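Structural description and commentary
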Amino acid sequence: MAVDVLSMEPAALERLMEEADLPRYRGRQLFHALWKTRIASYDALSVWPAALRARAAGEWPLMRVVPLERQKARDGTEKIVVGLFDGEQVEMVLLPHRFGWSVCVSTQVGCAIGCHFCASGLLGKTRNLSAGEIADQVALAEVILAERGERVRRVDLMGIGEPLDNYAGTVGGLHLMHDPNGLGLSYRHLTVSTSGLVPRIQKLAEEGMPVTLAVSLHAPNDDVRGELMPINRAYPIARLMDALATYWERTRRRITYEYLLIDGVNDGVPLARELVRLIRRFPAHVNLIPWNPVPEFPYRPSPAAQVAAFRKVLDEAGVSCTVRRELGQEIEAACGQLRRSVGKGTPSPPLAEKAAGHPPSEGGA
Ligand code: SF4
């Protein structure tokens, strides 16, 4: 297995250089070139002598993600099919907001969790993404947005995959996004979604990274949640809420609950009242999301009147709540619609080339 320099933090790169009988500062130079200059090949690492560049290309191949296809919706949302070094593909999404742009990135090729409303889990999981592959989607987003004079303001690990089922890749990717010499994003602007892997939530609480945790709740009791999310059988709601309490106590980050509204399944007013009682324990925010159609599932999105009735219960109880705008639905880039795509062709040369050697971002979102 090739040494994956894209996933290494500065200290690890310094050690790698030392082991290769090179000065440690070469590690810092490489980290800067990977994440600030965003080199696509060692040829662009001009501060290294030609012989070292040639050696590095042979010993430490750069496994950057490559944009293969781009699709834009009328609302400005852009879905990008991203190629990985081994030919696998995932999807990432750029989303416009009032505060600027966010990027939703994938953490696994496919997903093993198999929620009964989500396209991403339909083919199961093929492999985890590396820390470098996760962070590199954000670097790619920075390249694309810089062309418009924009930059990434927020990152959501909410694309394909369960981030906490790829714990090492996710935590490593967050470090690379946060490092001031990496992508320089504040932890507070990074959100990790989870279907509710209780032991991993407890572990994440101890990492000392105050990232926002967004929990796919989708129902306030085990009966309804168990129907929608098989994971609820392993980690029922009572255990999930205890883990979230720990997360709140350690990080002081308000928990975000994602709640897809599915017509006649989980959108009744009594369930809204039950939700209010469930989440009162610590500060929380609820994202209500009318379910985005996926042809393989028999559901319908909740009608607008039902969404409003559900929201009214939360508002009257003083629960912080938003109804998420339906960005990117027409290009299947909305929540739960991303899927592992295969055989979409070769990298599109213009963007693939632009992804290399773009001016560095200033960092510090
Ligand atoms: S909602 Fe998340 S955890 Fe569930 S199947 Fe989809 S990607 Fe996996």
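Residues numbered from 1 in each chain as written. Predicted model: local features only at pLDDT ≥ 70, side-chain atom pairs only at ≥ 80, totals over all residues. Heavy atoms only, no water.

**Notes on the nonpolar core**
Counting residues in hydrophobic clusters, the biggest one holds 111 residues, and the most contacted among them are Trp 60, Val 155, Met 177, Leu 244, Tyr 257 and Leu 314. Counting residues per element, this core draws most heavily on helix α4 (residues 131–146), which supplies nine residues. No fewer than three residues from each of domain 1 (5–62) and domain 2 (66–331) sit in this core. If we skip the residues at most four places from it in the chain, Leu 244 touches Ile 201, Leu 213, Val 215, Ile 255, Tyr 257 and Phe 282. (Core = buried A, V, L, I, M, F, W, Y, C linked by side-chain atoms within 4.5 Å. Buried < 20%, exposed > 50% of the residue type's maximum accessible area, 1.4 Å probe, protein only. Helix = DSSP H or I, 4+ residues; strand = E, 2+ residues; numbered from the N terminus. Domains from an automatic or database assignment. Contact = heavy atoms within 4.5 Å.)

**Quick word on unusual backbone geometry**
Positive phi values are uncommon outside glycine, yet Asp 21 reaches one of about 60 degrees. Relative to the helices and strands, Asp 21 resides in the loop between α1 (10–19) and α2 (25–37). The class for Asp 21 is exposed, based on a relative accessible area of 72%. Phi is positive for Arg 38, close to 60 degrees, though the residue is something other than glycine. Here Arg 38 lies in the loop between α2 and α3 (50–59). Accessibility expressed as a relative area gives 2% for Arg 38, which makes it buried.

**Details of the sheet that holds strand β10 (residues 255–261)**
The sheet built from ten strands is open, its strands ordered β1-β2-β3-β4-β7-β8-β9-β10-β11-β12 with mixed pairing. Looking at which strands have only one partner, the edges of the open sheet turn out to be β1 (66–72) and β12 (320–323). On average, adjacent strands in this sheet sit at an angle of 25 degrees to one another, irrespective of strand direction. Along the sheet face, helix α11 (residues 304–316) touches β10, β11 (284–290) and β12 and points at about 165 degrees away from the line of β12. (Pairing = 2+ DSSP bridges. Axes fitted to C-alpha atoms, helices over the stretch in contact; angles between N-to-C directions.)

**Regarding the site of the ligand**
Lining the immediate environment of the ligand, one finds Cys 111, Ile 113, Gly 114, Cys 115, Phe 117, Cys 118, Ser 120, Gly 161 and Ser 195. A per-class count over the shell around the ligand returns five nonpolar, four polar and no charged. (Near = heavy atom within 4 Å. Nonpolar A, V, L, I, M, F, W, Y, C, P; charged D, E, K, R; others polar.)

**Description of the packing of aromatic side chains**
For the coordinates displayed, the defined rule picks out three aromatic pairs. Plain terms: the ring middles of Tyr 259 and Phe 310 are 5.0 Å apart, the flat faces sit at 40 degrees to each other, and that makes the pair tilted. Taken together, the residues Tyr 259 in strand β10 and Phe 310 in helix α11 connect sequence positions 51 residues apart. Judged by relative accessible area, Tyr 259 falls into the buried class, the value being 1%. Overall, the relative accessible area of 0% leaves Phe 310 in the buried class. Here the aromatic rings of Trp 291 and Tyr 299 are separated by 5.6 Å at their centres, their planes lie at 85 degrees, and the arrangement is edge-to-face. (Phe/Tyr/Trp six-rings, centres within 6.5 Å; stacked < 30°, edge-to-face > 60°.)

**Overview of helix α10 (residues 269–278)**
Of the residues making up α10, those classed as buried are Leu 271, Ala 272, Leu 275, Val 276 and Leu 278. The buried residues of α10 occupy an angular sector of 165 degrees when the element is viewed end-on, so they sit on one face. Opposite the packed face of α10, turned more than 90 degrees from it, sit the exposed residues Pro 270 and Arg 277. Buried positions along α10 lie against α7 (222–228), α9 (237–251), β10, β11 and α11. (Arc of directions from axis to C-beta.)

**Quick look at the pairing of β1**
For a regular strand, side chains alternate in direction, first toward one face of the sheet and then toward the other. In terms of strand pairing, β1 meets strand β2 (residues 78–83) through six bridges, oriented antiparallel. Residue pairing for β2: Lys 72 is matched across the bridge by Glu 78. Hairpin remark: β1 followed by β2, antiparallel, with five residues in the connecting loop; positive phi at Gly 76, about 100 degrees.

**Considering the environment of Tyr 42**
Relative to the helices and strands, Tyr 42 is located in the loop between α2 and α3. Along the primary structure Tyr 42 and Leu 52 are separated by ten residues, whereas in three dimensions their C-alpha atoms are 9.1 Å apart. Leave out the neighbours within four places in its chain, and Tyr 42 touches Val 5, Leu 30, Trp 48, Arg 53, Ala 56, Ala 57, Trp 60 and Leu 62. Looking at Tyr 42, its side chain comes within polar contact range of the main-chain oxygen of Trp 60, at 2.7 Å. (Polar contact = N/O pair within 3.5 Å; in protein donor to acceptor, adjacent residues only side chain to side chain.)

**What to know about the environment of Arg 70**
Along the chain, Arg 70 turns up in strand β1. By relative accessible area, Arg 70 is classed as partly exposed at 35%. For Arg 70 and Val 82, which are twelve residues apart along the polypeptide, the C-alpha to C-alpha distance reads 9.1 Å. Within the structure, Arg 70 has its side chain in polar contact with the side chain of Glu 78 (distance 2.4 Å).

**Concerning the pattern of salt bridges**
One pass over the full model with this rule turns up 17 salt bridges. The residue Asp 86 makes a salt bridge to Arg 127 at a minimum N-O spacing of 2.7 Å. Of this pair, Asp 86 sits in the loop between β2 and β3 (89–97) while Arg 127 sits in strand β6 (residues 125–128), and the two are 41 residues apart along the sequence. Accessibility expressed as a relative area gives 38% for Asp 86, which makes it partly exposed. Note that Arg 281 and Asp 242 form a salt bridge whose closest N and O atoms lie 3.0 Å from each other. Linking Arg 281 in the loop between α10 and β11 with Asp 242 in helix α9, this pair joins segments that are 39 residues apart in sequence. Residues joined in a network through salt bridges with shared partners are Glu 14, Glu 18, Arg 24 and Arg 28. (Salt bridge = Lys/Arg side-chain N within 4 Å of Asp/Glu carboxyl O.)

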